[in-house]
Amino acid sequence: MQNYISEALSGKRISAKGFAVADKNAKFKPYDFSRHALGEKDILIEILFAGICHSDVHSAKSEWHEGIYPMVPGHEIAGRVIAVGSQVSKFKVGDYAGVGCMVNSCGECEACKKSQEQFCMNGKTTFTYDCKDSFHNNEPTYGGYSNNIVVHEHFAVCVPSDAPLEKVAPLLCAGITTYSPLKFSQIKAGDKVGVAGFGGLGSMAVKYAVKMGAEVYVFARNDKKKEEALKMGAKALYTSTKPSEVKERFDLIISTIPTAYKVSEYIDLLKYGGELAIVGLPPAEVMPQISIDTLVFKAGKKVYGSLIGGMKETQEMLDFSLQHKIYPETEIITADKIDEAYDNLTSGKAKFRYVIDMKKSFS
Ligand code: NDP
Ligand code: ZN
């Protein structure tokens with residue numbers, strides 16, 4: 001470890017090791033690489049835990065677009081700050097920090113100024129992996145299945161020293177992606193919220209919506225996780241979207257579904273004025289479509305997409321989660337089990353969130 005700290009402090013590129021796939025059909029293998037030098041506003045984090053998001057599976061298998069390989073996925077990162085640039089004010093060495101789906105943006109456009117950095121209007125949003133870093137000669141970014149990461153301090157959130165880091169990691173994507181639409185739709189006590197897809201994201205949506213006082217219902221393909229849904233505070237779990245079988249009508253439905261499905265079936269279940277927030281992003285080959293006649297004839301309902309959340313809201317989500325002890329359901333693994341975890345996520349065998357213990361993975 002000392003090796004890369006001294007590289008950071010002497011302004012050199014920073015050695016890193018991680019786990020990468022060489023192409024969309026490959027298995028994960030150890031991979032040595034380097035990260036850009038520590039800038040004056042950058043921090044270097046020793047990664048302790050990295051969550052496995054279904055987006056990692058889509059990306060590693062080039063299900064949305066052709067990926068950049070070798071690819072080190074991972075955008076649910078929690079760890080400890082081990083070096084700071086000369087102008088860093090938010091962190092000091094020894095602090096805990098979290099990094100999600102973004103590592104940079106222009107900072108100057110209207111979206112960035114509103115802390116909606118994921119929608120940078122100058123196209124400078126730099127995703128944590130599988131992205132070209134326009135701030136560093138377009139070199140590829142590498143994610144959290146690795147031992148360290150260097151990031152502009154604005155794109156790291158502050159994590160208190162007593163927080164359970166393995167639970168914090170998934171909040172950086174699964175947490176913010178579900179917290180954000182609940183806030184955007186201004187969910188309040190008594191509202192009816194449906195959550196479609198009950199995995200890593202869906203379970204967080206249920207927990208947040210219950211905490212906000214909503215009446216929450218889960219839609220899943222089968223009732224294998226019914227008990228867990230009820231334990232989290234959901235009123236019921238439906239395996240059907242037939243309006244005759246589903247009695248409730250919803251103020252908000254959040255779809256986290258990562259496969260093909262009929263979007264209009266969920267629109268049918270909204271109240272007048274109800275909203276469908278789409279966060280699940282299935283593979284390009286099976287991307288669901290909505291016909292505009294669905295929207296015209298079901299008028300008065302709103303459909304919107306949501307992409308993670310801005311940095312200000314990510315810190316707010318983390319503080320809210322820690323204050324109310326809203327944590328993801330996690331299964332800790334080591335990196336030799338990533339391929340198996342991916343198989344389980346695509347075959348329906350996974351329950352909620354796999355989190356990689358990075359330190360153990362290298363020992
Ligand atoms: P998970 O695999 O953990 O969870 C998905 C859940 O959806 C599983 O429980 C799965 O059930 C269920 N499911 C699959 N197909 C259907 C269906 N047709 N109807 C109902 N339920 C279904 O994935 P994540 O929660 O990590 O991610 C979900 C999606 O969200 C992914 O597409 C991911 O890329 C996307 N995402 C989007 C973000 C954004 O910013 N918009 C951020 C993060 C993720 P089963 O167990 O039966 O397979
Ligand atoms: Zn994610």
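1. Regarding the overall build of the protein chain
Then, number 1: For the protein chain, the count of helices and strands is eleven helices and 19 strands.
Then, number 2: Computed over the C-alpha atoms, the radius of gyration of the protein chain is 20 Å, within 12% of the 21 Å expected from 2.2 N^0.38 for a compact globule of 363 residues.
Then, number 3: Dimensions of the protein chain, computed from the C-alpha atoms along their principal axes, are close to 65 × 40 × 40 Å.
Then, number 4: Buried positions account for 56% of the 363 residues belonging to the protein chain.
Then, number 5: Here the contacts in the protein chain between residues at least 6 apart in sequence split such that 69% fall between residues at least 24 apart.
Then, number 6: As presented, the protein chain carries roughly 16000 Å² of accessible surface, and 51% of it is formed by carbon and sulfur atoms.
Then, number 7: Of the charged side chains in the protein chain, 44 are positive and 43 negative; the average position of the first set lies 4 Å away from that of the second.

2. Things to note about the coordination of the zinc ion (ligand 2)
Then, number 1: For the zinc ion (ligand 2), every protein donor is listed as C53 (SG), H75 (NE2) and C173 (SG), and the spread of their distances is 2.0 to 2.2 Å.
Then, number 2: Binding-site remark: the zinc ion (ligand 2) is held by donors from one chain whose sequence spacing is C-x21-H-x97-C. Note that C53 is positioned in the loop between β3 (42-52) and α2 (54-60) and H75 in the loop between α2 and β4 (77-84), a separation of 22 residues in sequence. Comparing C53 with H75 shows no difference in burial state: the two are buried.

Conventions used here
- Residues numbered from 1 in each chain as written.
- Chains lettered and ligands numbered in written order.
- Predicted model: local features only at pLDDT ≥ 70, side-chain atom pairs only at ≥ 80, totals over all residues.
- Heavy atoms only, no water.
- Helix = DSSP H or I, 4+ residues; strand = E, 2+ residues; numbered from the N terminus.
- Rg over C-alpha atoms; globule rule 2.2 N^0.38 Å.
- Buried < 20%, exposed > 50% of the residue type's maximum accessible area, 1.4 Å probe, protein only.
- Contact = heavy atoms within 4.5 Å.
- Areas by Shrake-Rupley, 256 points an atom, 1.4 Å probe, with all protein chains shown as cover.
- Lys, Arg positive; Asp, Glu negative; His and termini not counted.
- Charge placed at Lys NZ, Arg CZ, Asp CG, Glu CD.
- Donors = N, O, S within 2.8 Å, 3.2 Å for Na, K, Ca; no water.

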